Amino acid sequence: REIYLNLFFYIANVPFSLVYFCLFQTVEHGFPHQPSALAFDPKLQLMAIGTKSGAIKIYGAPGVEFTGLHKDTTAVTQMHFLPGQGRLLSLLDDNTIHLWELVAGPPREVGGVKREGMVCLQEVCSYSLPGRPGIESCSATRVTVLLLLRSCELLCVGTEGGGVYFLDLPRLSLKDGQTLLQDQVTQSLPEDYRCGKSLGPVESLQEHPQQPGKILIGYSRGLVVLWDLSTRHANHLFLGKQQLESLVWERSGNSFVSSHSDGGYSVWAVASGNPYTHQPVSSSIPYGPFPCKAINKILWRTAQSGSPVLLYSGGMPRASYGDRHCLTIQQDKEHVTLDFTSRVIDFFTVHSVELEKEFDDPSALVVLLEEELVVIDLQTPGWPSLPTPYLAPLHSSAITCSCHVSNVPPKLWERLVNAGKAQQGQQHTWPICGGKNMAPLPKQQELLLTGHEDGTVRFWDASGVALTPIYKLSTASVFHTDCDPSDDPQDPSNDPDAQQEEEWPPFRKVGCFDPYSDDPRLGIQKISLCKYSNKLVVAGTAGQVKLDMDNDERSDHLVDVSVVDLLQDREGFTWKGHDRLEPRLKPAPFPPGFQPLVLVQCLPPASVTAVTLHAEWNLIAFGTSHGFGLFDYHRRNAVCTLHPNDSLAMEGPLSRVKSLKKSLRQSFRRIRKSRVSGKKRVQEANAALAEQEEVAPVQRRIEPRSADDSLSGVVRCLCFADTFLRDGTHHGPTLWAGTNSGSVYAYALEVPGVGLGRVCERSGAGEGSACAEAVLGKEIQLMHRAPVVSICVLDGRGKPLPDPYEASRDLATAPDMTNAHSVLIASEEQLKVFSLPKVSAKTKFKLTAHEGCRVRKVAMVVFSSTAQEDYSEHTLVCLTNLGDMHLFSIPGLRPQVRYDCIRKEDISGIASCVFTKNGQGFYLISPSEYERFSLSAKVLTEPLCSIHLDRPLEPTPASDGPAAQPQANGTHKNQTSQAEGGSGYTHAHTHTHTHTHAHVCFVIFLIFFLPPRLSFLSSPLLFFSSCYFS
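Everything quoted here is computed from the prediction, not taken from an experiment.

This part is about the sheet that holds strand β33 (residues 399-405). Strand order in the open sheet made by the four strands is β33-β35-β36-β37, with antiparallel pairing throughout. Bordering the open sheet on either side are β33 and β37 (468-474), each of which pairs with just one other strand. On average, adjacent strands in this sheet sit at an angle of 20° to one another, irrespective of strand direction. Examined bridge by bridge, β33 and strand β35 (residues 447-452) share six bridges and lie antiparallel to one another. Within β35, the position partnered with I399 by the bridge is H452. Packing of helix α5 (residues 410-424) onto the sheet brings it into contact with β35, β36 (456-461) and β37, and relative to β37 it is tilted by some 80°.

Attention shifts here to the pattern of salt bridges. Counted under the stated rule, the structure contains 29 salt bridges. Salt-bridge contacts for K57 lead to E929; the nearest nitrogen and oxygen are separated by 2.9 Å. One end of the pair, K57, is in strand β4 (residues 55-59); the other, E929, is in strand β66 (residues 929-936), with 872 residues separating them in the sequence. Exposure class is identical for K57 and E929. Each is buried. A salt bridge links E829 to R854; the shortest N-O distance between them is 3.3 Å. Taken together, the residues E829 in the loop between β57 (822-827) and β58 (831-835) and R854 in the loop between α11 (847-851) and β60 (855-864) connect sequence positions 25 residues apart. Exposure remark for R854: the relative accessible area of 27% places this residue in the partly exposed category. Within the structure, one salt-bridge network assembled from shared partners comprises E28, K57 and E929.

We now examine the sheet that holds strand β6 (residues 76-82). In spatial order, the strands read β6-β7-β8-β11; together these four strands make up an open sheet with antiparallel pairing. Each of the sheet's edge strands pairs with one partner strand only, and the pair in question is β6 and β11 (119-128). Recorded for the sheet is a direction-independent mean angle of 25° between the axes of neighbouring strands. Where strand β8 (residues 96-104) and β11 come together, nine bridges link them in antiparallel fashion. Bridge pairing links H98 to S126 in β11.

With that settled, consider the nonpolar core. In this structure, I329, L338, F340, L365 and I376 are the most contacted members of the largest nonpolar core, which totals 32 residues. Elements with a minimum of two residues in this core: β22 (265-269), β25 (295-303), β26 (306-314), β27 (325-331), β28 (334-340), β29 (344-350), β30 (364-369) and β31 (373-377). Here I329 is in contact with V309, L310, L311, E334, H335, V336, L338, L365, I376, L378 and W383, once residues within four sequence places are set aside.

Turning to α5, a few remarks are in order. End to end, α5 covers 21 Å across 15 residues, agreeing with the expected 21 Å (1.5 Å per residue, within 8%). Residues of α5 that are buried include every one of L412, W413, L416, A419 and G420, and no others. When α5 is viewed along its axis, its buried side chains cluster within an angular range of 135° and face the same direction. In α5, the exposed positions that point more than 90 degrees away from the buried face belong to P410, K411, E414 and A422. Here the buried face of α5 lies against β35, β36, β37, β42 (544-551) and β47 (593-603). Positive backbone phi, approximately 85°, marks G425, located one or two places after α5.

The next point concerns unusual backbone geometry. Residue P170 is bonded to the preceding L169 through a cis peptide linkage, with omega at 5°. You can see P170 is positioned in the loop between β14 (164-168) and β15 (173-174). Cis geometry marks the peptide bond from I890 to P891, where omega comes out at 5°. Of note in this structure, Q34 is not a glycine but carries a positive phi near 55°. Examined against the element boundaries, Q34 turns out to sit in the loop between β1 (19-30) and β2 (35-41). Classification of Q34 as partly exposed rests on a relative accessible area of 40%.

Definitions and limits used
- Residues numbered from 1 in each chain as written.
- Predicted model: local features only at pLDDT ≥ 70, side-chain atom pairs only at ≥ 80, totals over all residues.
- Heavy atoms only, no water.
- Pairing = 2+ DSSP bridges.
- Helix = DSSP H or I, 4+ residues; strand = E, 2+ residues; numbered from the N terminus.
- Axes fitted to C-alpha atoms, helices over the stretch in contact; angles between N-to-C directions.
- Contact = heavy atoms within 4.5 Å.
- Salt bridge = Lys/Arg side-chain N within 4 Å of Asp/Glu carboxyl O.
- Buried < 20%, exposed > 50% of the residue type's maximum accessible area, 1.4 Å probe, protein only.
- Core = buried A, V, L, I, M, F, W, Y, C linked by side-chain atoms within 4.5 Å.
- Expected span 1.5 Å × (residues − 1).
- Arc of directions from axis to C-beta.

Encoded structure:
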């Protein structure tokens, strides 16, 4: 009874609604993969992007995002907003037309506050044109162009067969008797123009800007018809003879411009009287006279300041610049050819659309490219490009690694923002500013750092929905690269030949997408940032390890270089890989931001596979496939280097304890000498296993890996820790290294001014002249030689040790140094906890044997309770090669919950996954997009948006839980047509203790108050409650 009562009060004190774990796919960061269509709502200031996977993404002000996904994974070819209504028309490659609209989502509780007015995007209806009677092929009714009339009540549909169909909106129903077939137009043509030729597909439809109900119909052959919808009669025929590409009206409606396949454009006057116009007012081939490519699209915008602004894509000379992706801006004598690195999908201008205004006065040009979005400021002289607050191309250079930093100190954040503003130049207003972000302000600032193939490190604001670029650090300025053979290259402005070549066309490189790397050796492999000391370690492909420190001012200095030979001139080894990067020998200018302090060059110059920084001890540890080293950057001294396969070094005089091989050898000798034979021991063990056969889980047989693998020496992880390694009473700095062959090496470090200070006592010198030292203390060889993925030292309470400076500056709870520490080692096959300093196994979980998967990523995460503000738990999160997440308690390694997060076929997504300390994570779903997810029920970053429409918002049907948001890249498992931007996230599972606690408390309470004559019921009640708890 006493035990039951104590257990009852213990469980009763635990809150009943402790919810820790949930899987939410919250938001996608970056640039949409394979965009195919673009649309803009000038009234709501919203922009939509469609993709080849059938996704629709609507963007407004930073943080305002709506996502939709068609039922079929088919490319979106065209999109049109119904201005001011929050409705969107989409045309798919399968010839279907879909209507989407923004609707009011259910009220949501965010951060304990109930929020209403959230908006989400959903599909309303769809329509497909029927085939013409008597024609077997459906190509005649294949849609080529859509035109939404200004009244938003009629949709004009141009087809490949030359017919124009009319649909009622918003029902998407075909208007009977209104279809305009090509035969009706042909009858109105002069006899000499017919020539028995077809007019071709409808290429363009444009409504008259001043006379509603009149539309221009442009056919591929070159004919343009001004058609009156009310009288169903052709008012005017423009008999063009050049293949037509696009049409655009001049604002007054007195003229229009047509672009053609020969790289030219023509201006046509719309005059009353003669129904035929044979020749345009003027024609021009801007980049002639040699053959040019087609002008795919042209815009004509009037300006109050003077001449109209002409914008068109294409038109380049075929022979010399046919492979360029260009868009030209012309106004009077100003002429600029924007040169992009990827194909132009579509573009539009932000301009005045009010009918009472006399001029368009364009303020910005928005260009959707295949790999990025570029915005040009048309009001500022020189037409500069604007930095994007979102939709930045993450893959401007291929991402090679990433790192997340939580709770960035305000001082470091301010410095990074200021350095980024200095790089971007003058700040401008973002032209796409529709909607309102209803998400609460982030409680802390978060950084996402990405390393790239071109040697740059980009800093992103990951605090909210919009992943905003803050600052870019380039490492190429420290080295001589393949594309930079000299320190002082000739200025191209002084070369008359170069000037002559650049005169025409007037190219200007625009955009930041650059898929080509100047030198592959510059690629960033590992990043480590100390947010308290403002120090950054960047390691690269050619064995370079660079330490940077943040500085507010520009600096001109020479970077100190230290060479560390990891093999120490080992005989018989010849490096056959790439050469090292040669550092610059002259002082170089470094702008404000992170500036290099010291450069460590590893030899051989193999790619760095692991790096860690301990700014409080002034130490950097780094590893390659040839070993690992320790560097004291304060004294510019290499502390030690070691090759993992060097068994002599491991068992030499440096080792203060017996090696694992010797211990195993002695253990087997003791077994042989024991009275009980080995055979009998095996029989006893088999009998014990047979007794537990019913309850023991089925385990897979794991074959040990070969020790002769050429990759066995690769250093996979490094870890600094202040723990007990020599004995159980004295703790001090240590370094842990894990390799690809399942070996773990622990070094006891003697750092001047830290710990016992034996260096200073022994040398008799001051701290300034003393050097750090490292002595091998322990060696662990894991069974089956599975690669070591992660190493983490736990304090006496079983919690991970705090980061450098956190304990000394009272920024985190001090670690427990009174009780015994332990070390958690995660390999690809199992998780195992060893006690310190004896390094004896305490507990383990064989993930491969139980689940049949291998560990790829490991992180220590703090999960906060949704019911109790100050309650949290440390949990181990594992990502496997099957894409699922396993959560374990520490240090007991009890499985908590498992989620299917990433598709097992998505190898790059699994390899790119990075976790945050508060339960969120990022992984690449395409080369240009990060998927953000949350494993925490409390910490969510999701789009919560509202928008004011010209029509009343219709509520969505109520549901029991959050609606599932489809993943816009179209590669995820559960795809639906329901889309949410305001209240959308994917809700996979919830792990709660509510019902379990309530049931157990009830059972114990009942047992406690059972009368003596019913005490025989206590055992069955406990049995059933334990079954329920399991």
